[in-house]
Amino acid sequence: MKVFEKKIWLATPTMHGDEMKYITEAYETNWMSTVGQNINEVERIAAEKAEMKYAVALSSCTAALHLCVKAAGERLYGKPAISHGALEGKRVFCSDMTFDATLNPVVYEGGIPVFIDTEKESWNMDPVALEKAFEIYPDVKLVVCAELYGFLGKIDVIKQICEKHGALLIEDAAEAMGAALNGKQCGSFGDYSAISYNGNKIITGSSGGCLLTNDIEVANKARKWSTQARENAPWYQHEEVGYNYRMSNVVAGVVRGQYPYLEEHIAQKKAIYDRYCEGFKDLPVQMNPIIDNSQPNYWLSAMIIDKDYMCKQVRDDSTALYIPEKGKTCPTQILETLAACNAEGRPIWKPMHMQPMYRMHEFITQTGSGRAKTNAYIAGGVGDVGADIFDRGLCLPSDNKMTAEEQDKVIEIVRSCF
Ligand SMILES: *Cc1c(COP(=O)(O)O)cnc(C)c1O
């Protein structure tokens, strides 16, 4: 049933030519290291686009998040002993329905993630659940919040809640570059924020990321930490642990060449989203929600199936089964059907509180706290919005090089599953 000769991807890099010019420039001038004009330009452009004073170019967004967490930990709790993390034993409120890279760095630094449930209206961190979390743990001083698929939650409200409780906010804007809320750019809400140039993001450097902040001391520290934390001395002098996290000037050439096309990519992603909305308007499904005054970057189009139109679907830790039923479907059936036609979809991020690694961690919903639970227990669980969206949702092929005709076929395939 291979419908597409050429595979339809979820999201792939889209190059324009300028990237090669800047890579070549790096090559010809021999700035083939982690120093050079491309890096300087990426930092200037990234800060300007995200409306933050400083950007530090790094090898990945995960590295950026790590340095955000380390900076926050040291500001909140002081410099840790050499073999300790900056958040040793401290609880940190984290987005639950996200990529695990959002909060892995919390664990690198010895912190304990406490997961905050997702809000129905936005599919992002629920401010009501976050308030509940501060009620239960008033001494928590750090929140790590991700924006999902380039569609916004109430990050402004989350920021206010953090300020009210004297907590710092780290914004993981990896998926949301170029998106805005009330005209304010994603990446500018956090005390420290991170963006990603990973290969499938809205623009790419093949890899890479930036830490964003208005605090010059943090920017300087991040730059130092990312280059093995050398002190200013004639020899290799070290007072603290460092990392090899700096962006390469070659990668920076790709990023530099991509930035002028950010708006074009957003327009293409929006056209894809709009076409799905139109193609599914009479189906019992809902596309990614767009909240008032928000301007998504439409990175990944995703949908959830209405409860009454879900066929039976069961997932354990590695497999998924479903029972086909006329007029009904489920993410597993749609993803398998797309794959059989040579098109790539993806499940919604499996919530962190459902991950085996975090089974003993706390998970806080609007109605209170509980231990994270196993998959089987959660099915039909009350007040667990993330588990429900994971159960009924999926990401659709959202590659900006997909043609309208190809997308029409994708829409037809999804419709055929009902
Ligand atoms: C992609 C992604 C990251 C990690 O970005 P890298 O640059 O690959 O390290 C972090 N958080 C979220 C939400 C992401 O989607």
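Since this is a predicted model, take the numbers as computed values, not measurements.

Here the focus is unusual backbone geometry. The phi dihedral of Q228 falls on the positive side, at around 70°, and the residue is not glycine. When you line up the elements, Q228 lands in the loop between α7 (216–225) and α8 (249–258). Given a relative accessible area of 39%, Q228 falls into the partly exposed group. With a phi angle near 75°, N342 is a residue other than glycine that sits in the positive phi range.

With that settled, the discussion passes to the sheet that holds strand β18 (residues 393–395). Ordered by their spatial adjacency, four strands build an open sheet running β10-β12-β18-β15, and the pairing between neighbours is antiparallel. Strands at the two margins of the open sheet, each flanked by one partner only, are β10 (285–287) and β15 (346–347).

The strand order across the open sheet built from three strands is β7-β6-β11, with neighbouring strands paired in antiparallel fashion. Edge positions in the sheet fall to β7 (184–185) and β11 (294–295), since each of these pairs with one other strand and no more. Examined bridge by bridge, strand β6 (residues 180–181) and β7 share two bridges and lie antiparallel to one another. Looking at the pairing, A180 lines up with Q185 of β7.

What follows is about the environment of H238. Take H238: it is sitting in the loop between α7 and α8. Residue classification places H238 among the partly exposed residues on the basis of a relative accessible area of 43%. The spatial distance from the C-alpha of H238 to the C-alpha of T102 is 29 Å, given a sequence separation of 136 residues. The contact partners of H238, leaving out residues within four places of it in the chain, are Q228, A229, R230 and E231. Side-chain polar atoms of H238 contact the backbone oxygen of Q228, separated by 3.3 Å. A distance of 3.1 Å separates the side chain of H238 from the backbone oxygen of A229, its partner in a polar contact.

In terms of domain boundaries, the protein chain breaks down into domain 1 (18–261) and domain 2 (262–353 + 369–416). For domain 1 versus domain 2, the distance between C-alpha centres works out to 27 Å. Opposite the 40 residues of domain 1 that make contact, domain 2 presents 40 residues. In total, about 3,400 Å² of surface goes out of reach between domain 1 and domain 2, with carbon and sulfur atoms giving 65% of it. For the domain 1 face of the interface with domain 2, the top three residues by lost area are W123, Y149 and F151, together amounting to 26%. Linking domain 1 to domain 2 there are 19 residue pairs in polar contact (both at pLDDT 80 or more). Across the side of domain 1 that touches domain 2, the residue classes tally to 20 nonpolar, 10 polar and 10 charged.

The next thing to look at is the site of the ligand. Near the ligand you find 14 residues, and of these T62, D172, E175, S196 and K201 are the closest. T62 places a polar side-chain atom, nitrogen or oxygen, 2.5 Å from an oxygen atom of the ligand. The contact in question runs from an oxygen atom of the ligand to an N or O atom on the side chain of N198, over 2.9 Å. Relative to its unbound accessible area of 390 Å², the ligand is 93% covered by the protein chains.

Let us now look at the side chain of T213. Counting through the fold element by element, T213 comes out in strand β9 (residues 209–213). Taking relative accessible area as the criterion, T213 reaches 1% and is therefore assigned buried. Polar contacts involving the side chain of T213 include one to the main-chain carbonyl oxygen of D191, which spans 3.3 Å. Every residue in contact with T213, bar those within four places of it in the chain, is listed here: M52, K53, Y54, D191, Y192, V218 and A219.

Summarising burial for helix α10 (residues 331–340): seven of the 10 residues are buried, a large majority. Turning to α10, its buried residues number three or more, namely P331, T332, Q333, I334, L335, T337 and L338. At the C-terminal side of α10, N342 shows a positive phi close to 75°.

Another point: the nonpolar core. Inside soluble globular proteins, nonpolar side chains tend to come together where they are buried. F93, Y149, Y197, Y259, F280 and M303 are the most contacted members of the largest nonpolar core, which has 98 residues in total. Sorting elements by how many residues they give to this core places helix α2 (residues 37–50) first, with six residues. Two domains each donate at least three residues to this core, and these are domain 1 (18–261) and domain 2 (262–353 + 369–416). Setting aside residues no more than four positions away along its own chain, F93 makes contact with V114, I116, L130, A133, F134, Y137, V140, L142, V143 and V144.

What follows is about the packing of helix α9 (residues 262–279) against helix α13 (residues 404–416). Where α9 meets α13, the closest approach of the two axes is 10 Å, and the angle between their N-to-C directions is 40°. Overall, the two elements α9 and α13 adopt an arrangement that is oblique. Regarding α9 and α13, the two cross each other, and that crossing is right-handed. Residue-level contacts link I272, R275, Y276 and G279 of α9 to A404, Q407, D408, V410, I411 and R415 of α13. Broken down by class, the residue content of the contact of α9 with α13 amounts to five nonpolar, two polar and three charged.

Of all the five residues making up strand β2 (residues 91–95), four are buried; the element is thus mostly covered by neighbouring parts of the structure. The pairing of β2 with strand β3 (residues 112–116) spans five bridges and is classified as parallel. Within the sheet, the bridge partner assigned to R91 lies in β3 and is I112.

Turning to α8, a few remarks are in order. Among the 10 residues in α8, nine count as buried, and that is most of the element. Along α8, the residues that are buried comprise N249, V251, A252, G253, V254, V255, R256, G257 and Q258. If you follow the buried residues of α8, they end up packed against α1 (18–28), α2 and α9. Put simply, S248 is the residue that caps the front of α8, since its side-chain oxygen is 2.9 Å from the backbone nitrogen of V250.

Thresholds, definitions, all that
- Residues numbered from 1 in each chain as written.
- Predicted model: local features only at pLDDT ≥ 70, side-chain atom pairs only at ≥ 80, totals over all residues.
- Heavy atoms only, no water.
- Helix = DSSP H or I, 4+ residues; strand = E, 2+ residues; numbered from the N terminus.
- Buried < 20%, exposed > 50% of the residue type's maximum accessible area, 1.4 Å probe, protein only.
- Pairing = 2+ DSSP bridges.
- Contact = heavy atoms within 4.5 Å.
- Polar contact = N/O pair within 3.5 Å; in protein donor to acceptor, adjacent residues only side chain to side chain.
- Domains from an automatic or database assignment.
- Buried area = accessible area lost by both parts, 1.4 Å probe.
- Nonpolar A, V, L, I, M, F, W, Y, C, P; charged D, E, K, R; others polar.
- Near = heavy atom within 4 Å.
- Areas by Shrake-Rupley, 256 points an atom, 1.4 Å probe, with all protein chains shown as cover.
- Core = buried A, V, L, I, M, F, W, Y, C linked by side-chain atoms within 4.5 Å.
- Axes fitted to C-alpha atoms, helices over the stretch in contact; angles between N-to-C directions.
- Parallel < 35°, antiparallel > 145°, perpendicular 65-115°, else oblique.
- Left-handed = near helix turned anticlockwise from the far one by under 90°.

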